[in-house]
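Residue-level structure breakdown
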Amino acid sequence: MSKQLVLAEKPSQAQDIAKGLNDTFSRNDGYLEGNRYVISWSYGHLVELEEPDAYDKRYIKWNLKDLPIIPKQFKYRITKEGSKQFKLIKGLINKSDIESIVIATDPGREGELIARLILMMSGNKKPVYRFWTSKALSPETVCETFKSLRPGSDFDRLYYAAIARQQSDWLIGINATRAFSVKHNINPPLSIGRVQTPTLRLIVDREI
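What this report covers is the structure whose coordinates are included nearby. Note that the structure is a prediction, hence the values are computed from the model and not measured. (Residues numbered from 1 in each chain as written. Predicted model: local features only at pLDDT ≥ 70, side-chain atom pairs only at ≥ 80, totals over all residues. Heavy atoms only, no water.)

1. As for the sheet that holds strand E7 (residues 98-104)
The seven strands are arranged E2-E3-E4-E1-E7-E8-E9 in an open sheet whose pairing can be described as mixed. A single partner strand is all that each edge strand has here, and the edge strands are strand E2 (26-28) and strand E9 (150-151). Pairing analysis gives two bridges linking strand E8 (residues 128-130) to E9, with the strands arranged antiparallel. Each residue of the ladder has a partner; that of Tyr129, found in E9, is Pro151. Seen against the sheet, helix H2 (residues 83-93) touches strand E1 (3-8), strand E3 (31-33), strand E4 (37-41) and E7 and runs at an angle of roughly 155° to E4. (Pairing = 2+ DSSP bridges. Helix = DSSP H or I, 4+ residues; strand = E, 2+ residues; numbered from the N terminus. Contact = heavy atoms within 4.5 Å. Axes fitted to C-alpha atoms, helices over the stretch in contact; angles between N-to-C directions.)

2. Some details on the environment of Ile163
As for its position among the elements, Ile163 is in helix H5 (residues 156-183). Remark: the alpha-carbon pair of Ile163 and Pro139, spanning 24 residues in sequence, is separated by 32 Å. When near neighbours in sequence (up to four residues on either side) are disregarded, Ile163 contacts Tyr76, Leu113 and Leu117.

3. Focus: the packing of H2 against helix H3 (residues 109-122)
Packing of H2 against H3 leaves a shortest axis separation of 10 Å and a crossing angle of 70°. Classed by the angle they form, the pair H2 and H3 counts as roughly perpendicular. The handedness of the crossing between H2 and H3 comes out as right-handed. On H3, the residues that touch Phe86, Ile89, Lys90 and Ile93 of H2 are Ile118, Leu119, Met121 and Ser122. Across the contact of H2 with H3, the residue classes tally to six nonpolar, one polar and one charged. (Parallel < 35°, antiparallel > 145°, perpendicular 65-115°, else oblique. Left-handed = near helix turned anticlockwise from the far one by under 90°. Nonpolar A, V, L, I, M, F, W, Y, C, P; charged D, E, K, R; others polar.)

4. Here we look at unusual backbone geometry
Looking along the chain, the bond that leaves Leu67 and enters Pro68 is cis, with omega of 0°. For the peptide bond that leads from Asn187 to Pro188, omega is 5°, which places it in the cis range. Here Pro188 lies in the loop between H5 and helix H6 (196-207). The backbone of Asn185 shows a phi angle near 50°, a positive value even though the residue is not glycine. Checked against the element boundaries, Asn185 lands in the loop between H5 and H6.

Listed below in C-alpha cells is the structure:
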C-alpha cells in the first residue's frame, strides 16, 4: 500500500499530527509509521549554507583584498548535528512505497525553508503537498486540514523569500564581519549581522 511521508519540524509536532490522523502508528528511531502515513521530523535546520572556503580555499585566510565574497551559486551542506536525521529522512523519501510528501513544518517562511532544503538535498522527485494551519494542532484541526492539503507549489514564493533572507544574511555577515575584523585588527572577530548589528545600535543609542 502506498503511503504519504509527513515532514514535521520537531518531534512534538509529529506527535500532535499523528493524533489527528486516522491511522495506527508504531514508534521507530526518528519516525512514526502507520498503514497510510509515515511521519518524520527535523530538529530545526538540518541543512545550512557552506562556509566561504567551500568555494575557494584562499578564503580560509581573511584578507580585505578578497572581499566581497559573492558566490555565483550558493552551496549547501548537512549540519553535523543533523546528519543522522537527514540520512533517515532521505531514506524515507526514496522508499518505493512513499508516493508523495506532505510538508507540515511551521506555517511560515523559516518552516518552509527547513523542509524545502531537506527535499532539495534529498533529490526528491515525488509530488509535494502543504499542510497549512495557524491553529493549535488539535486532533480535529489536523484531521480537517489534511482533507484540504494544498499543492506545494502554492508556497513557492514563500520559499523564495526565505532563500533571499538566508542568502542575504550570509552575504552581509561573511563580508562585513571579515571587513571590520581585519580592518580594525580585532581578535576574536567582531560579529556583524544584517539584523543583530542595527538592533544592537538601537539598544546602544537608547542606553546613551
